[in-house]
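Analysis of the macromolecular model
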Amino acid sequence: MTDLDPVQILASFRQYGHNALTGVVYHAHGDDWVEMTLPYRQALVGDQETGILASGPIFTLMDMVTSTSIWIKSGVLRPQATLDLRVDYLRPAEPGRNVIGRGECYKLTRSIAFVRGEAHDGDPAHPIAHVAGTFMFMSAA
């Protein structure tokens, strides 16, 4: 396990941009993975009639968990850019439920990190979305 604390990382990034707007909070982590929770809020609903969350906040959650998993696995908090983050939406999140995102960094090279993950609203066996992506490091470790 690295010395980087995902709780502190998230706390620093929660003040800015999409992370501030969505209210994502820490849930759990391991050596190469991180889980965060996107609390259900009316402000994040895409369709007021159905109460279903918009896809944007879920994408933001998954970008944050996958990028944080890279820092945890590498042990280095360095600038990186999302090159590609493919999101396969399998179903809408259930209205009123929080969404849990889990991101894993499964491969690091000198300049690229490879990630994957899933989002669910209470049952990991019934995911909302799968993600796979790559991040490019902006500086050497």
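The structure contained in this document is the topic of the report that follows. Fair warning: this is a prediction, and the values are worked out from it, not measured in the lab. (Residues numbered from 1 in each chain as written. Predicted model: local features only at pLDDT ≥ 70, side-chain atom pairs only at ≥ 80, totals over all residues. Heavy atoms only, no water.)

**Quick look at the packing of aromatic side chains**
This model, assessed by the stated rule, comprises one aromatic pair. Here the aromatic rings of Tyr106 and Phe114 are separated by 6.4 Å at their centres, their planes lie at 45 degrees, and the arrangement is tilted. Residue Tyr106 is classed as partly exposed on the basis of its relative accessible area, which comes to 37%. The exposure class of Phe114 is partly exposed, given its relative accessible area of 26%. Taking NZ or CZ as reference, Arg102 lies 3.8 Å from the ring centre of Trp33, over its face. Sitting over the ring of Tyr106, Arg116 keeps its end group 4.1 Å from the ring centre. (Phe/Tyr/Trp six-rings, centres within 6.5 Å; stacked < 30°, edge-to-face > 60°. Buried < 20%, exposed > 50% of the residue type's maximum accessible area, 1.4 Å probe, protein only. Lys NZ or Arg CZ within 6 Å of the ring centre and 35° of its normal.)

**Let's talk about the environment of Val24**
Relative to the assigned elements, Val24 resides in the loop between α2 (17-22) and β1 (25-29). Sequence separation of Val24 and Ala11 is 13 residues, and the distance between their C-alpha atoms is 9.6 Å. Those residues within four positions of Val24 in sequence are excluded, and the remaining contacts are Leu10, Arg14, Asn19, Met36, Thr37, Leu38, Pro39 and Leu61. (Helix = DSSP H or I, 4+ residues; strand = E, 2+ residues; numbered from the N terminus. Contact = heavy atoms within 4.5 Å.)

**Topic: the sheet that holds strand β6 (residues 99-108)**
Taken in spatial order, the six strands line up as β1-β2-β6-β7-β8-β5 in an open sheet, and their pairing is antiparallel. Whereas interior strands pair on both sides, the edge strands pair on one side only; in this sheet they are β1 and β5 (80-89). For this sheet, the mean inter-axis angle between neighbouring strands, taken without regard to orientation, is 20 degrees. Examined bridge by bridge, β5 and strand β8 (residues 129-137) share nine bridges and lie antiparallel to one another. By the bridge assignment, Tyr89 is partnered in β8 with Ala129. (Pairing = 2+ DSSP bridges. Axes fitted to C-alpha atoms, helices over the stretch in contact; angles between N-to-C directions.)

**Concerning the pairing of β1**
Here four bridges tie β1 to strand β2 (residues 33-38), and the two strands are oriented antiparallel to one another. If you follow His29 over to β2, its bridge partner there is Val34.

**As for a nonpolar patch on the surface**
A grouping of Leu83, Met136 and Met138 is seen on the molecular surface, where their side chains present a nonpolar patch of about 280 Å² in accessible area. With respect to the element layout, Met136 can be found in strand β8. We classify Met136 as partly exposed; its relative accessible area is 31%. (Patch = residues over 30% accessible without salt bridge, like charges linked within 9 Å, V, L, I, M, F, W, Y side chains within 5 Å. Areas by Shrake-Rupley, 256 points an atom, 1.4 Å probe, with all protein chains shown as cover. Salt bridge = Lys/Arg side-chain N within 4 Å of Asp/Glu carboxyl O.)

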